[in-house]
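Commentary on secondary and tertiary structure
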Amino acid sequence: QAKISVLHGISEAEQTTLDSNDLMVPDYLKELPASHHFSFEADADAGIENFVNEHQPDMLVMIPHKHGLFHRLTEGSHTKRISERTKIPLLCLPG
């Protein structure tokens, strides 16, 4: 059986108010047995890349989040950047 590891990127502001009910896991994934991991990296892309390097998954699944206009203009898309750099299969699911 496949192992599912869920990586949650947590911003500095979210660290103080983190509650297990706040984890953004879509309903269709909540019933699956999974281990949850947390990245507190300021750079979300670096957090994902570090996790992939450490855990060596066979596939990376991303659930893109909607961001505001300012974030999109200044940061761009994490999913797009990861898709350009990853060496393993990438599946993007709706959030």
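Let me sum up the structure you'll find in this document. (Residues numbered from 1 in each chain as written. Predicted model: local features only at pLDDT ≥ 70, side-chain atom pairs only at ≥ 80, totals over all residues. Heavy atoms only, no water.)

Below, the discussion takes up the overall build of the chain. On a plain count of helices and strands, the chain comes out with five helices and four strands. Beginning at the N terminus, the succession of helices and strands in the chain can be written as β-α-α-β-α-β-α-α-β. Each of the 95 residues in the chain was classed as buried or not, and the buried ones make up 18%. Counted over contacts in the chain with a minimum sequence separation of 6, partners at least 24 positions apart contribute 70%. Entry remark: accessible area of the chain is about 7,400 Å², with carbon and sulfur atoms responsible for 54%. (Helix = DSSP H or I, 4+ residues; strand = E, 2+ residues; numbered from the N terminus. Buried < 20%, exposed > 50% of the residue type's maximum accessible area, 1.4 Å probe, protein only. Contact = heavy atoms within 4.5 Å. Areas by Shrake-Rupley, 256 points an atom, 1.4 Å probe, with all protein chains shown as cover.)

This part is about the pattern of salt bridges. Under the defined criterion, the tally for this structure stands at three salt bridges. Notably, a salt bridge pairs arginine 81 with aspartate 45, separated by 2.4 Å at the nearest N-O pair. With arginine 81 in helix α5 (residues 78–85) and aspartate 45 in helix α3 (residues 44–55), this residue pair connects regions lying 36 residues apart in the sequence. Aspartate 45 gets classed as buried once you look at its relative accessible area, which sits at 4%. One salt bridge in this structure joins aspartate 45 and arginine 85, with 3.2 Å as the shortest N-O distance. (Salt bridge = Lys/Arg side-chain N within 4 Å of Asp/Glu carboxyl O.)

This brings us to α3. In a regular helix each residue adds 1.5 Å, so twelve residues correspond to 16 Å; α3 covers 17 Å between its end C-alpha atoms and thus fits that length. Contact partners of the buried residues in α3: β1 (5–9), β2 (35–39), β3 (60–62) and α5. Between the side-chain oxygen of the N-cap and the backbone nitrogen of aspartate 45 there are 3.1 Å, and the N-cap of α3 in question is aspartate 43. Glutamine 56 sits one or two positions beyond α3 and adopts a positive phi of about 50°. (Expected span 1.5 Å × (residues − 1). Polar contact = N/O pair within 3.5 Å; in protein donor to acceptor, adjacent residues only side chain to side chain.)

What follows concerns unusual backbone geometry. Despite not being glycine, glutamine 56 shows a phi value in the positive range, around 50°. Secondary-structure assignment places glutamine 56 in the loop between α3 and β3.

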